[in-house]
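Structural characterization, general
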Amino acid sequence: MAEIGIIIVTYNSEAEIGASLDAALLTGADVVVVDNGSQDRTIAEAARRGVRLIANSSNQGFAAAVNQGFAVLNSPYVLLLNPDAVLQSGLEPLREACDLPGSAGAGGRLLDAGGRPQTGFMVRQLPTPATLILEAVLLNRIWPDNPVNRRYRGLALDYSIRLAVEQPAGAFFMIRRAVWQELGGFDEGFFPLWFEDVDFCRRVADRGYSLYYVPEAVAKHTGAHSIRRLTVEMRRVYWYCGLLRYAAKHFSPTAFRAVCLAVVTGSFPRSIAESILDRSLEPLAAYGKVVWIAGRCLLFGSATIFRVQG
């Protein structure tokens, strides 16, 4: 049994998965690919490299796919790796951070195609009600250097050293199996994607565990390859449903309704601006559905988002 396992969840990832798998296999880790109903040659690319493969006939969602991967691995340390992330280093620095007292896991340094650190993405703090409200009403876009946004996106951190952090990016995130089992894995109600890793990190913190950022562990990361294949409506609805589900789980009823109101309020200028920029009415339709969902949550409470998601 390999000490480290790697889970790569794919969805129409043919163009990206080859390089990611080739680098992952060089580590000697036990690699499993969980495919969520790809219609391209993703499965063939994985199969010809001889890795363990779980081929779902339909999209089970990212959280469920991760849980499937954990179920077939016995490794005490498991790395979640996006198919558009290519390892540039070994995994020992992450494993060492997982062994620190009270540690639940660790993430590494993510570099974009030009070799620049993906600051603002590779490490974030857990979102507060203020964070999500400012995000929803566009203030973080208008004033990105505001104190709430700077803290949330870790813009003032020193990424040259190991840090205790709240939320490593799920694209490159090693988790101790024992902690994953204790927490019951990822919440599959976050469907099909977004905020499932944030929710997991929140539950890690609630149990008193720590998470780390480790600069010696490096991967190049393209980012959002599967998201680009989603329609505008799907991208907006899935993201806001994830946001609202997270707020429903972890915020007070009053704070949750404040987030709902911010989503409703912010959707109007967003829909107009995006429709003008895209020269399309698709954003109007997408945000119309977002307003309907958030409005129901505002009026009837947090149980509504669970019904919408379910």
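Right, let's walk through the structure included here. In this convention, every chain numbers its residues from 1, walking through the sequence in written order. pLDDT decides what is reported in this predicted model: residues at 70 or higher carry local features, side-chain atom pairs at 80 or more are listed and counted, and totals for whole chains, interfaces and linings draw on all residues regardless. Computation of side-chain values covers all heavy atoms of the structure but excludes hydrogens and water.

1. Topic: the packing of aromatic side chains
The aromatic pairing rule takes the rings of Phe, Tyr and Trp, using the six-membered ring of Trp, and pairs them if the centres are within 6.5 Å, calling planes under 30 degrees apart stacked, those over 60 edge-to-face and the rest tilted. Under the definition given, this model contains nine aromatic pairs. Ring geometry for tyrosine 159 versus tyrosine 213: centroids 5.3 Å apart, planes at 85°, classification edge-to-face. Placement of the pair is tyrosine 159 in the loop between α7 (147-152) and β8 (163-165) and tyrosine 213 in strand β11 (residues 210-221), with a sequence separation of 54 residues. Judged by relative accessible area, which is 9%, tyrosine 159 ranks as buried. Only DSSP runs of H or I reaching four residues or more are called helices, and only runs of E reaching two or more are called strands; each is numbered from the N terminus. Only protein chains enter the accessibility calculation, which uses a 1.4 Å probe. A residue is then buried if its area is under 20% of the maximum for its type, exposed if over 50%, and partly exposed in between.

2. Digging into the environment of glutamate 45
Within the secondary structure, glutamate 45 sits in helix α2 (residues 42-47). Separated by 36 residues in sequence, glutamate 45 and valine 9 have C-alpha atoms that sit 13 Å apart. Note on contacts: a residue pair qualifies if any of its non-hydrogen atoms lie within 4.5 Å across the two residues. Residue contacts for glutamate 45: discarding those within four places in its chain leaves Glu14, Ile17 and Leu21. In terms of polar contacts, glutamate 45 uses its side chain to reach the side chain of arginine 49, at 2.9 Å. A 3.5 Å cut-off defines polar contacts: any pair of N or O atoms within that distance qualifies, except that in protein one atom must be a possible hydrogen donor and the other a possible acceptor, and neighbouring residues in sequence count only when both atoms are side-chain atoms.

3. Observations regarding the pairing of strand β3 (residues 52-56)
Whether two strands pair comes down to DSSP finding at least two bridges between them. In terms of strand pairing, strand β2 (residues 30-36) meets β3 through five bridges, oriented parallel. Following the sheet pairing, valine 33 is matched in β3 by leucine 53. Look down the strands so they point away from you; if going from the first strand over the helix to the second traces a clockwise path, that crossover is right-handed. Considered for its hand, the β-α-β crossover made up of β2, α2 and β3 is right-handed.

4. Thoughts on helix α12 (residues 282-300)
Expected helix span is given by 1.5 Å per residue-to-residue step, counting one fewer step than there are residues. The terminal C-alpha atoms of α12, which comprises 19 residues, lie 27 Å apart, in line with the 27 Å expected from a rise of 1.5 Å per residue. Positive backbone phi, approximately 100°, marks glycine 301, located one or two places after α12.

5. Things to note about the pairing of β2
Taken across its seven residues, β2 has six buried, putting it largely inside the fold. Summarising the sheet, strand β1 (residues 4-10) and β2 pair through six bridges and their orientation is parallel. Counterpart to glycine 5 in the pairing with β2 is aspartate 30. Viewed along the sheet, the connection from β1 through helix α1 (residues 14-25) into β2 turns out right-handed.

6. Topic: the pattern of salt bridges
By convention in these notes, a salt bridge is any Lys or Arg side-chain nitrogen within 4 Å of a carboxyl oxygen on Asp or Glu. Taken as a whole and judged by the stated rule, the model has 18 salt bridges. Taking the shortest distance from any N to any O, the salt bridge between arginine 95 and glutamate 92 comes out at 2.4 Å. Separated by three residues within a single helix, arginine 95 and glutamate 92 lie in helix α4 (residues 92-98), roughly one turn from each other. Accessibility expressed as a relative area gives 36% for glutamate 92, which makes it partly exposed. Taken together, the shared-partner salt bridges connect Asp187, Asp199, Arg203, Arg245 and Lys249 into one network.

7. Section: the nonpolar core
Considering soluble globular proteins, one finds that nonpolar side chains tend to be buried as a cluster. If you look at the biggest cluster of nonpolar residues, it comprises 52 residues, and the most contacted ones within it are Ile7, Leu244 and Val263. In terms of residue count, helix α10 (residues 232-250) provides more of this core than any other element does, eight residues in total. Look past the residues within four positions of isoleucine 7 in its chain and what remains in contact with it is Val32, Val34, Val66, Gly69, Phe70, Leu73, Val78, Leu79, Leu80 and Leu81. Throughout this description, the term nonpolar core refers to a set of buried Ala, Val, Leu, Ile, Met, Phe, Trp, Tyr and Cys residues connected via side-chain atoms within 4.5 Å. In terms of nonpolar packing, the next biggest core, distinct from the first, is built from 37 residues, Leu21, Val51, Ala85 and Val214 among them.

8. Regarding the state of the cysteines
Cysteine pairs can be linked by a disulfide, which is a covalent bond between their two sulfur atoms. Note on disulfides: each one is a pair of cysteine sulfur atoms within 2.5 Å. All chains considered together, the criterion is met by zero disulfides. Cysteine 297 supplies the cysteine sulfur nearest to cysteine 260, a cysteine that is in no disulfide, at a spacing of 4.7 Å. We classify cysteine 260 as buried; its relative accessible area is 0%.

9. A word on α1
Its 12 residues place the ends of α1 17 Å apart at the C-alpha level, agreeing with the 16 Å of an ideal helix rising 1.5 Å per residue. All of the buried residues along α1 are Glu16, Ile17, Gly18, Ser20, Leu21, Ala23 and Ala24.

10. What to know about the side chain of asparagine 36
With respect to the element layout, asparagine 36 can be found in strand β2. According to the relative accessible area criterion, asparagine 36 is buried, its value standing at 3%. At 3.2 Å, the side chain of asparagine 36 forms a polar contact with the side chain of asparagine 56. Within the structure, asparagine 36 has its side chain in polar contact with the side chain of asparagine 59 (distance 3.4 Å). If near-sequence neighbours (up to four positions away) are discounted, asparagine 36 is found in contact with Val9, Thr10, Tyr11, Asn56, Ser58, Asn59, Gln60, Gly61, Phe62 and Ala65.

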